[in-house]
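Geometric and topological summary
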Amino acid sequence: MSGELIKPTEELRSESSEVSAVEMDRVTEVLCPTGVSLQREDVAYPVKETFTYASTTCGCTRTANILLPAGYSTEKEYPVLYFLHGIFGDENSMLGDPNNKIPEILGNLTAEGLLPDVVAVFPNMYASSDPALKPGFAQESILPYDNFVNDLAADLIPYVEAHYSVKKDREHRGLVGFSMGGRETLFIGTTRSDLFIACCAIAPAPGVTPGKDWAMEHPGQMKEEELVVRQAAEYPLKFLMVCCGTKDSVVGRFPASYHEIMTRNGVEHLWYEVPEADHDSNAIRSGFYNFLIRWLK
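All of these numbers come straight from a predicted model, not from anything done at the bench.

This part takes up a nonpolar patch on the surface. Where nonpolar side chains cluster on the molecular surface, the patch consists of Phe 88, Phe 137, Trp 214 and Val 250 and spans about 440 Å² of accessible area. The topology assignment puts Phe 88 in the loop between strand E6 (80-84) and helix H2 (93-96).

See below:
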């Protein structure tokens, strides 16, 4: 089966945060377990730094945040994760919302031995060369998000690898994105699998394939039949995941439609819904947790 499915049942819709997904070949939690997202006194959490890099893609200097694991040392090299924000966001969005619990999830999983120390990068995904152009619900205003793949490949990844002690191969790079970041994660993961071994699109926005939502008509970055891992023969994805909340009021059924398209196209992936979650941190925590426990296994 191309799309591995977790189907919420009545049990999964309970208020418990310790809900098990029973339709997966590896037992996990549909919701991020409460203990994984709580800050603990006995755990040392990642430390945030901010850096700037020269973008040849945009013709300007751009800013990103990075989380370095506790005890970060240049004597070792770390796997590196790139986390993409939603529309109207920037490099501060994902870390700036404390409900996302990103440092806590990283630190707690590492402390429990479920994840090695990793470096996490949070870029500004609006890769525009025109300072006057701003995000909005129009095709021209959306295009800089689609251009981010070029900034990522040509400028950001090379900068991170030159200035931080990270592993420099795709086998140790992961990509996660939420909403518009999920859309670009799905696009980058399927078109540039030479860059990443595993990708997670959380509540991905419309526009990877043609469609219309409440905001605008989306011409699509590719046709439905083109939504495949294009370099699969040489650079197969170890893991591709798509998830969203069962009550997502922003992207609606577009995440499910991507799952359906990829299933028709024979693309191996994991799809599941987060019970009762909207377009919110509940979905983010769940997707991030479920991605991290698989990424480097």
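If you look at the biggest cluster of nonpolar residues, it comprises 91 residues, and the most contacted ones within it are Tyr 82, Phe 291 and Leu 292. Leu 292 has contacts with Leu 81, Ile 105, Leu 106, Leu 109 and Leu 115, leaving out every residue within four places of it along the chain.

One can describe the packing of helix H3 (residues 102-111) onto helix H7 (residues 281-295) by two numbers: an axis separation of 11 Å at closest approach and a directional angle of 30 degrees. Taken as axis vectors, H3 and H7 run roughly parallel relative to one another. Between H3 and H7 the crossing geometry is right-handed. Taking contact as the criterion, the partners of Ile 102, Ile 105, Leu 106 and Leu 109 in H3 are, on H7, Arg 285, Phe 288, Tyr 289, Leu 292 and Ile 293. A class-by-class count of the residues in the contact of H3 with H7 yields eight nonpolar, no polar and one charged.

With that settled, the discussion passes to the packing of aromatic side chains. Tallying each qualifying case throughout the model produces 13 aromatic pairs. Between Tyr 82 and Phe 196 the ring centres are 6.0 Å apart and the planes differ by 80 degrees, which places this aromatic pair in the edge-to-face class. Linking Tyr 82 in strand E6 with Phe 196 in the loop between helix H5 (180-191) and strand E9 (198-202), this pair joins segments that are 114 residues apart in sequence. By way of ring pairs, the aromatic residues Phe 51, Tyr 53, Tyr 159 and Tyr 164 are connected into one cluster.

For strand E13 (residues 269-274), a buried count of five out of six residues is recorded, marking the element as mostly surrounded by other parts of the structure. Taken together, the five bridges between strand E12 (residues 239-245) and E13 define a ladder with parallel strand orientation. Bridge pairing in E13 places Met 241 opposite Leu 270. In this view, the connection linking E12 to its parallel neighbour E13 by way of helix H6 (residues 254-264) has right-handed handedness.

Quick notes on the rules
Residues numbered from 1 in each chain as written. Predicted model: local features only at pLDDT ≥ 70, side-chain atom pairs only at ≥ 80, totals over all residues. Heavy atoms only, no water. Patch = residues over 30% accessible without salt bridge, like charges linked within 9 Å, V, L, I, M, F, W, Y side chains within 5 Å. Areas by Shrake-Rupley, 256 points an atom, 1.4 Å probe, with all protein chains shown as cover. Salt bridge = Lys/Arg side-chain N within 4 Å of Asp/Glu carboxyl O. Helix = DSSP H or I, 4+ residues; strand = E, 2+ residues; numbered from the N terminus. Core = buried A, V, L, I, M, F, W, Y, C linked by side-chain atoms within 4.5 Å. Buried < 20%, exposed > 50% of the residue type's maximum accessible area, 1.4 Å probe, protein only. Contact = heavy atoms within 4.5 Å. Axes fitted to C-alpha atoms, helices over the stretch in contact; angles between N-to-C directions. Parallel < 35°, antiparallel > 145°, perpendicular 65-115°, else oblique. Left-handed = near helix turned anticlockwise from the far one by under 90°. Nonpolar A, V, L, I, M, F, W, Y, C, P; charged D, E, K, R; others polar. Phe/Tyr/Trp six-rings, centres within 6.5 Å; stacked < 30°, edge-to-face > 60°. Pairing = 2+ DSSP bridges. Right-handed = clockwise from strand over helix to strand, strands pointing away.

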